[in-house]
Amino acid sequence: MSASLVRRGLELLNDDIKDSSRVKKKKTKKKQTPSSATVMDLVSTKRQGVTKQVKRLQGRLGPRKSKATVKDKRIRSAVEDFRKNQPKSQLSANLKYFLKTTGKAEAFDAKKILRHSRGRQSRNRPDEPVKKSREAQSVFTEEEFQRFQREYFGRTVEEKK
């Protein structure tokens, strides 16, 4: 046998192997659920129950997986559930935080915090300082009042006493 005949035989064999693998891939491909257009051909011509029939036909093909399997379920104990639902204590983390910070707030920051935390209710507000009202000052002087009394009454009222 010549080398060319052997080479030709291997090429034919190689082509056959490729064709058979393509056929296997096509066979292993799962059928998809049919679309509603293709299912409509399978549905009866009656008007009632068409949508129900379409849903039933669409669900008939496609991947079948039993929904009621317990195979992969992990059984948890009641103790694990209880521990999981218990809130963790944040005491140690809070103590670390407060013991770590030893700085003191500045007066400006402290006032700002107090001003912000003061509520809108009247009991939370400090009493406002009472403003002192100034005595009403007259436009006229005392001498002008005495002169007016003399002109109007003829004498001053204080002289009468």
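Heads up: the structure comes first, above all this text.
Please read these numbers as outputs of a predicted model, since none were measured by experiment.

1. A closer look at the packing of aromatic side chains
Piece 1. Tallying each qualifying case throughout the model produces 4 aromatic pairs.
Piece 2. On the basis of an interplanar angle of 75° and a centroid distance of 5.3 Å, the ring pair of Tyr-97 and Phe-98 is categorised as edge-to-face.
Piece 3. We classify Phe-98 as exposed; its relative accessible area is 58%.
Piece 4. Plain terms: the ring middles of Phe-148 and Tyr-152 are 5.7 Å apart, the flat faces sit at 10° to each other, and that makes the pair stacked. With Phe-148 and Tyr-152 both in helix α7 (residues 142-153) and 4 residues apart, the pair spans about one turn of that helix. Of the two residues, Phe-148 and Tyr-152, neither departs from the other in class, the shared state being exposed.
Piece 5. Here a set of aromatic residues connected by ring pairs shows up, and it is made of Phe-148, Tyr-152 and Phe-153.

2. Regarding a positive patch on the surface
Piece 1. Together, Lys-111, Lys-112, Arg-115, Arg-118, Arg-120 and Arg-125 line one region of the surface with positive charge.
Piece 2. You can see Arg-125 is positioned in the loop between α6 (107-117) and α7.

3. Some points on the pattern of salt bridges
Piece 1. Tallied over the full model, the rule gives 1 salt bridge.
Piece 2. Glu-11 is the partner of Arg-8 in a salt bridge, and the nearest nitrogen-oxygen pair spans 3.8 Å. Of this pair, Arg-8 and Glu-11 are both found in helix α1 (residues 3-28), 3 residues apart, which corresponds to roughly one turn of the helix.
Piece 3. By relative accessible area, Glu-11 is classed as partly exposed at 42%.

4. Observations regarding α7
Piece 1. Between its first and last C-alpha atoms α7 spans 16 Å; for 12 residues at 1.5 Å apiece the expected length is 16 Å, and the two agree.
Piece 2. Where α7 ends, the next residue or the one after it, Gly-154, has phi of about 95°, a positive value.

Criteria and cut-off values
Residues numbered from 1 in each chain as written. Predicted model: local features only at pLDDT ≥ 70, side-chain atom pairs only at ≥ 80, totals over all residues. Heavy atoms only, no water. Phe/Tyr/Trp six-rings, centres within 6.5 Å; stacked < 30°, edge-to-face > 60°. Buried < 20%, exposed > 50% of the residue type's maximum accessible area, 1.4 Å probe, protein only. Helix = DSSP H or I, 4+ residues; strand = E, 2+ residues; numbered from the N terminus. Patch = residues over 30% accessible without salt bridge, like charges linked within 9 Å, V, L, I, M, F, W, Y side chains within 5 Å. Areas by Shrake-Rupley, 256 points an atom, 1.4 Å probe, with all protein chains shown as cover. Salt bridge = Lys/Arg side-chain N within 4 Å of Asp/Glu carboxyl O. Lys, Arg positive; Asp, Glu negative; His and termini not counted. Charge placed at Lys NZ, Arg CZ, Asp CG, Glu CD. Expected span 1.5 Å × (residues − 1).

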